[in-house]
Amino acid sequence: MSGNTTYLELSQDGGGAHKFYEVTVDGLNVTVRYGRIGTAGQVQASAFPTVEKARAAAARKVGEKVRKGYAPAVRGGRAARPVTRRQVASAPSTARAVAPVLWRFRTGAAAFGIHIGEDHCWVGNEAGDVYTLGHDGEVLARYQLPDGVKCLVADDFWIYAGCDDGTVYDLSAKLPFAAYEIASDVDIFWLDIHEGVLNVADRNGGLTVIDHEDEYQWSRKSTGSHAWMVRRDDRAVYHGHGSGVTAYAQDGGGELWHTATTGSVLFGWQEDHSVYAGTNRHVVQRLSKTDGAVEATYRCDAAVYSCATAPGGRYVFAGDCASSVYCFTADGTRLWKLGTGSGSALSMQYLDEKLYMVTTEGSLVCVDASEAAIAAAQSGTVPVPLDVKSAAALPTYAPATTVRTVTAPPASGIVVECVQESGRLRVHVVSDGYEPSWNVQFPRHIRQAGARYVVEALSPAASGFYRVRGEIQRLL
């Protein structure tokens, strides 16, 4: 450590917290670098009117971390915690015909994350790249995140990317920011967010629930491991793992039901009244959300990596490990099986008679799933797929590495303040026209008691809190 730098780490036995915190004082400036051990971390810089105030602020920051269990350490003494990536194999399709692919976009790395909204398509890969595209395949923007993207989830019109390093980024504005930090002992497999509540399924078959304030709520351990499915609604959390699907009360009150599926669950989907579990025993099973009863079984010819439905479950789609995609009626009747032409589908979503898939080749593929297009494909007539390319000047956005400071809020800016409430640091709105008692979902790592920040916009959430949209600036 240099004379002006203090480096601390918090690393607990058994795979718990595994973080570093570094504070550097340089004249009037204080720079804080923090994150998970083994990563470059994020940076926050602040300026103070005098050297004394800068040193005092740095001392407070160090003191706060020491009280939380951080201790002086040597950089590089500990390695980063290993991350489990899903190991998948993809064989050639045995289907006689190929799906009518309209366009495909190669992201450059294996991809699991997909979200198809009314306006845009989103795809995230293991290199940490997230792309937004139009429904016609035009690439509109790129987000560069610090670590590989596990999955993309939507909560109303907010979009979140869960990364290998345990950080969940809000991508709803041009500059992404860390909305949730998942403990290092949770080896993330899949995520879902519902009304600001984050639900995490992990390698050990665990389920962890974190609220919009990035605070732990409750956790459960299901009977099976390798939990690749988590879905949530107003009634329950549906957790799919090696031994089936378990439903838990949304408030953590206990298990509602458990259903042993035919094989280990590799993917999950939900509709209003049912959940769908794709398994390694070649089936998708539809379970009642009320009691877990098996309502229908959709039989494929190989292990099911992904599944999705048309609205209301009218059609059920499945992608297997042999590069094939299937369509079934609600009662389980197989309508068709076609080759993807781009590897096995690791995740999928249906919208407006189109089926979007991300594949083992790292491609986002758009398939024309209309009856006419499928009938033509089965007879051997398919369109020539458009191979989408990124523009050379594609806008690229990354999480801000520093928090800019301003001396006065812009005319359109909204002021929020960090306050201590019952021993916890909360954020409330100061500007007129907002409910001052509501909490604001705010990056935990930059909260400081008494500090004020300026945000571009706030959007109310159904559960009574505000979410930030746009850049966050520190108000001096």
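Whatever comes next refers back to the structure up there.
Student: Looking at this structure, I do not really get the sheet that holds strand β33 (residues 363–368). What am I missing?
Tutor: Hydrogen bonds between backbone atoms are what pair the strands of a sheet, whose relative direction is either parallel or antiparallel. Taken in spatial order, the five strands make up an open sheet running β31-β32-β33-β6-β34, and their pairing is mixed. Both edges of this open sheet fall to β31 (345–351) and β34 (386–388), since each of them pairs with a single strand only. The average angle at which neighbouring strand axes cross in this sheet is 20°, direction not considered. In this sheet, β33 lies alongside strand β32 (residues 354–359) in antiparallel orientation, the contact comprising five bridges. Residue pairing in the sheet places Leu 355 in a bridge with Val 367 of β33.

Student: Which parts of the structure should I look at to understand the pattern of salt bridges?
Tutor: Oppositely charged side chains can form a pair if their charged atoms are brought close together. For the structure shown, the criterion picks out 17 salt bridges. Lys 150 is paired through a salt bridge with Asp 164; the nearest N and O atoms lie 2.7 Å apart. On the criterion of sequence distance, the pair formed by Lys 150 in strand β11 (residues 149–155) and Asp 164 in the loop between β12 (158–163) and β13 (167–170) is long-range, its members being 14 residues apart. For Lys 150, a relative accessible area of 8% corresponds to the buried category. Looking at Asp 164, the relative accessible area reads 7%, which means it is buried. Put simply, Arg 447 and Glu 213 hold a salt bridge, and the shortest N to O gap is 3.8 Å. One end of the pair, Arg 447, is in the loop between β39 (439–441) and β40 (452–460); the other, Glu 213, is in the loop between β17 (206–210) and β18 (216–221), with 234 residues separating them in the sequence. Each member of the pair, Arg 447 together with Glu 213, is buried. One network of salt bridges, with partners in common, ties together Glu 213, Glu 215, Arg 424, Arg 426 and Arg 447.

Student: Before we go on, may I ask you to explain helix α2 (residues 371–378) in this structure?
Tutor: At 3.6 residues per turn, the α-helix brings residues three or four places apart onto the same side. Those residues of α2 that sit buried are Ala 373, Ile 374 and Ala 377. Buried residues of α2, seen end-on, are gathered within an arc of 95° and therefore sit on one face of the element. Exposed and oriented more than 90 degrees from the buried face of α2 are Glu 371 and Ala 372. Phi turns positive, to about 100°, at Gly 380, one or two residues after α2.

Student: Before we go on, may I ask you to explain the pairing of strand β6 (residues 101–106) in this structure?
Tutor: Strand residues, when the strand is regular, have side chains that alternate between the two faces of the sheet. Direction of pairing for β6 relative to β33: antiparallel, over a ladder of five bridges. Paired with Phe 105 across the two strands is Leu 364, which belongs to β33. Here β6 runs beside β34; their pairing, made up of three bridges, is parallel. Residue pairing in the sheet places Arg 104 in a bridge with Asp 387 of β34.

Student: I tried to follow the side chain of Asp 129 on my own but got confused; where do I start?
Tutor: If you trace the backbone, Asp 129 turns up in strand β9 (residues 129–133). The class for Asp 129 is buried, based on a relative accessible area of 8%. There is a polar contact of 2.8 Å between the side chain of Asp 129 and the side chain of Arg 142.

Student: I would appreciate a short explanation of the environment of Val 25 in the present structure.
Tutor: Its location among the elements puts Val 25 in strand β2 (residues 18–26). Separated by 20 residues in sequence, Val 25 and Thr 5 place their C-alpha atoms 6.5 Å apart. Contacts of Val 25, omitting those with residues within four sequence positions, involve Asn 4, Val 30, Ala 54, Arg 55 and Ala 58.

Rules used throughout
Residues numbered from 1 in each chain as written. Predicted model: local features only at pLDDT ≥ 70, side-chain atom pairs only at ≥ 80, totals over all residues. Heavy atoms only, no water. Pairing = 2+ DSSP bridges. Helix = DSSP H or I, 4+ residues; strand = E, 2+ residues; numbered from the N terminus. Axes fitted to C-alpha atoms, helices over the stretch in contact; angles between N-to-C directions. Salt bridge = Lys/Arg side-chain N within 4 Å of Asp/Glu carboxyl O. Buried < 20%, exposed > 50% of the residue type's maximum accessible area, 1.4 Å probe, protein only. Arc of directions from axis to C-beta. Polar contact = N/O pair within 3.5 Å; in protein donor to acceptor, adjacent residues only side chain to side chain. Contact = heavy atoms within 4.5 Å.

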